[in-house]
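Close look at the chain arrangement
Residue strings, one per chain:
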Amino acid sequence: MPGRRERRREPEPARPHVPTYTVPGSPGPEPVNGYEILEKLAALPISTWSYVFDDATVRHLGPMAQDFAAAFGLGDNEKVINMVDANGVVMVAIQALYRKVQALEAEVEALRREFGAGSAADTQA
């Protein structure tokens with residue numbers, strides 16, 4: 001057909017999925033190490049791409065599903081990123097960053113007290 005883009009084979013990017021509840025009898029929640037997830041997320045390749053059915057001017061941003069599956073081992077295949085998994089990775093990474101920031105702020109405050117530089121509240125006025 002004239003004007004149609006040639007189909008090319010590309011890794012599948014993330015697609016949305018509606019999260020559901022845990023079914024009774026299924027494996028329950030397991031805790032994760034937020035710092036490990038944060039490190040994996042920081043190393044995850046992120047790129048811009050287009051779906052084969054998108055107009056050439058339409059771009060998206062995110063990881064390739066295969067890279068996400070290799071990094072986190074989540075979901076039922078490596079062709080689609082389940083949005084509940086992507087959201088979970090982002091949430092735990094935010095929590096880990098929050099804990100890191102809190103620890104750094106406490107360390108800075110302790111150093112300010114030790115060296116008499118005043119508190120953070122004094123420098124923000």
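Everything numeric here is computed off the predicted structure, so don't read it as measured data.

Re the pattern of salt bridges
If you walk through the whole model with that rule in mind, you get one salt bridge. With its nearest N and O atoms 3.8 Å apart, the salt bridge here joins Glu-109 to Arg-113. Taken together, the positions of Glu-109 and Arg-113, both in helix H3 (residues 83-115) and four residues apart, correspond to about one turn of that helix.

Digging into the packing of aromatic side chains
Aromatic rings in a pair are described by how distant their centres are and how their planes are angled relative to each other. Taken as a whole, this structure holds three aromatic pairs when the rule is applied. Both rings, one in Trp-49 and one in Tyr-51, keep their centres 5.1 Å apart while their planes meet at 75°; by these two values the pair is edge-to-face. Since its relative accessible area comes to 8%, Trp-49 is described here as buried. On the numbers, 4.8 Å between centres and 10° between planes, the contact of Tyr-51 with Phe-53 is stacked. Classification of Phe-53 as exposed rests on a relative accessible area of 64%.

A word on helix H2 (residues 65-72)
Listed in full, the buried residues belonging to H2 are Ala-65, Phe-68, Ala-69, Ala-71 and Phe-72. Down the axis of H2, the buried side of the element spans an arc of 165°, and every buried residue falls inside it. Along its buried surface, H2 packs onto helix H1 (34-43) and H3. The first or second residue beyond H2 is Gly-73, which carries a positive phi of 65°.

Definitions and cut-offs
Residues numbered from 1 in each chain as written. Predicted model: local features only at pLDDT ≥ 70, side-chain atom pairs only at ≥ 80, totals over all residues. Heavy atoms only, no water. Salt bridge = Lys/Arg side-chain N within 4 Å of Asp/Glu carboxyl O. Helix = DSSP H or I, 4+ residues; strand = E, 2+ residues; numbered from the N terminus. Phe/Tyr/Trp six-rings, centres within 6.5 Å; stacked < 30°, edge-to-face > 60°. Buried < 20%, exposed > 50% of the residue type's maximum accessible area, 1.4 Å probe, protein only. Arc of directions from axis to C-beta. Contact = heavy atoms within 4.5 Å.

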